[in-house]
Amino acid sequence: MSDDRSRRHGEYKTPGGKLVAVDLRVADGLLTDVQVSGDFFVYPEEAFADLAVALEGAPIDGGEAALADRVRRGFRSGAELLGSSPEGLAIAVGRALATRPGDHLG
Amino acid sequence: MMNMALDEVLTERVGRGVRPPTLRIWAWTDPCVVLGRFQSVRNEVDEEAAARLGIQVVRRISGGGAMFIQPEGAITWSIYAPESLVAGMSFPESYAFLDAWVVRELRELGIDAWYAPLNDIVSSAGKIGGAAQARRHGAVLHHTTMAYEMDVGLMLQVLRIGQEKLSDKGTRSAEKRVGPLALGTRLSRSAIIDRLVESFSTRYAATADGLLPEEVAEAGRRVEVRFSTPAWTHVLP
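Every value quoted in this text rests on a predicted model; they were computed, and no experiment measured them.

Peer 1: Quick question: what am I supposed to make of the sheet that holds strand E2 (residues 32-35) of chain B here?
Peer 2: The pairing of strands in a sheet comes from backbone hydrogen bonds and takes either a parallel or an antiparallel form. Residues and elements named next belong to chain B. Pairing is mixed across the open sheet formed by three strands, whose spatial order is E3-E2-E4. Because the sheet does not close on itself, it has two edges, and the strands there are strand E3 (56-59) and strand E4 (67-69). Within this sheet the neighbouring strands show an average axis-to-axis angle of 25°, counted without direction. Sheet topology places E2 next to E4; three bridges connect them, and they run antiparallel. Counterpart to Cys32 in the pairing with E4 is Ile69.

Peer 1: I keep staring at the pairing of strand E7 (residues 120-123) of chain B and nothing clicks. Help me out?
Peer 2: Residues and elements named next belong to chain B. With burial as the criterion, each face of E7 is covered, one bearing Asp120 and Val122 and the other bearing Ile121 and Ser123. Examined bridge by bridge, strand E6 (residues 113-116) and E7 share four bridges and lie antiparallel to one another. Its bridge partner lying in E7, Ala116 is registered against Asp120. Count of turn residues in the E6/E7 antiparallel hairpin: three residues. Sheet topology note: the E7/strand E8 (residues 126-136) ladder contains four bridges and is antiparallel.

Peer 1: Is there a simple way to explain the environment of Met89(B) in this structure?
Peer 2: Residues and elements named next belong to chain B. Mapped onto the elements of the fold, Met89 is located in the loop between strand E5 (74-82) and helix H4 (91-108). Linking Met89 and Ser201, residues 112 residues apart in sequence, is a C-alpha distance of 24 Å. Apart from the residues within four sequence positions on either side, Met89 is in contact with Ser94 and Phe97.

Peer 1: Which parts of the structure should I look at to understand the interface of chain B and chain A?
Peer 2: In this assembly, 28 residues from chain B lie in contact with 29 residues from chain A. Counting each side, the surface lost to burial between chain B and chain A is near 2200 Å², with a carbon and sulfur contribution of 56%. Where chain B touches chain A, the interface holds five salt bridges. Arg95(A) is paired through a salt bridge with Glu164(B); the nearest N and O atoms lie 3.1 Å apart. Counting only elements with at least two residues in the side of chain B that touches chain A, the list comes to helix H2 (41-44), H4 and E8 of chain B. Looking at which element gives the most residues to the side of chain B that touches chain A, the answer is E8(B), with six residues.

Conventions adopted
- Chains are numbered independently. Their residues run from 1 in the order of the written sequence.
- Each chain takes a letter, starting from A, and each ligand takes a number, starting from 1, following the order in which they are written.
- Given that the model is predicted, a residue must reach a pLDDT of at least 70 before its local features are reported, and side-chain atom pairs must reach 80 or more before they are shown or counted; all residues, however, enter totals for whole chains, interfaces and linings.
- No hydrogens and no water enter the side-chain calculation; it runs on all heavy atoms of the structure.
- Criterion used throughout: strands pair if DSSP finds at least two bridges between them.
- Note on conventions: DSSP H or I runs of at least 4 residues are helices, E runs of at least 2 residues are strands, and numbering of each starts at the N terminus.
- Only C-alpha atoms enter the line fits that serve as axes; for helices the fit covers just the stretch in contact. Angles between N-to-C directions range over 0 to 180 degrees.
- Working definition: with a 1.4 Å probe on protein chains only, accessible area under 20% of the residue-type maximum means buried, over 50% means exposed, and in between means partly exposed.
- Every residue pair with non-hydrogen atoms within 4.5 Å of one another is taken to be in contact.
- Once two parts are brought into contact, the accessible area they lose, counted with a 1.4 Å probe and summed over both, makes up the buried area.
- The salt bridge criterion pairs a side-chain nitrogen of Lys or Arg with a carboxyl oxygen of Asp or Glu, the two atoms within 4 Å.

What follows is the structure in structure tokens.
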């Protein structure tokens, strides 16, 4: 995350729920250096790491349904994501990809 | 930071059964921003402005959103209880359950407050406060911060509140979202705290208690090795 200029940033707030933000880079058509953050809740806490891991290496042209599917499959069973959803994460990724690197820095 | 560490230490001790279920009212000493466990620092805080204004940035162990704290302007409490207390409840149900006694008490004080899922206490004037939970070692930590008074202008200098965050609120102004308790009552902050403690004690047959020296010492140690370190505060830059 040292080079902010090559990062892209996208956010999505689930109506009535929480905001999820995704910071990422694109290399060779794949998502890399993915950071997921937001004011959602994850139980157990350890399952939080699954979200970014699931998105890492995903192709940028696979579509949001495929991204949501990756997140759903990568999230350990029995864990709970409160206030957002795999679909919400996928929308945030889509919004990040629709920007140019460094755009969010204004 | 001591508050963040105490939450962790006391949750573990209640989970291990070496401390009975406990209600703790927080004493705030310094103005600060408290980030949720999963929030990104740069997304939530203008760190330069915070440093200039002498406002500390800390991270708590529970998820949820950033809070702007002025010591005399906030009322914060934690409940530490065995998870069996909320057994059979969904997470949203347990949030509502562990805040219900406060909402009832606020209404008895004449404040038109109600619970707004997932984790907010609101009035017609705006948001009063929010709750967050962490679960560890078989115990649930449920903590809630309510605004008594707030310098919203100062808050907006430090917290970044983007338009996406307000997208479903029907308002484009963060200012209009805050409804501190002092808008709805002439009671002082300490009088409200006294009433909350009294009502909790009556309802749950609780007795007054203090922190043990070993709990304070352990929390102090964790401040040093974790809660005061950039590795923790900036775990999500």
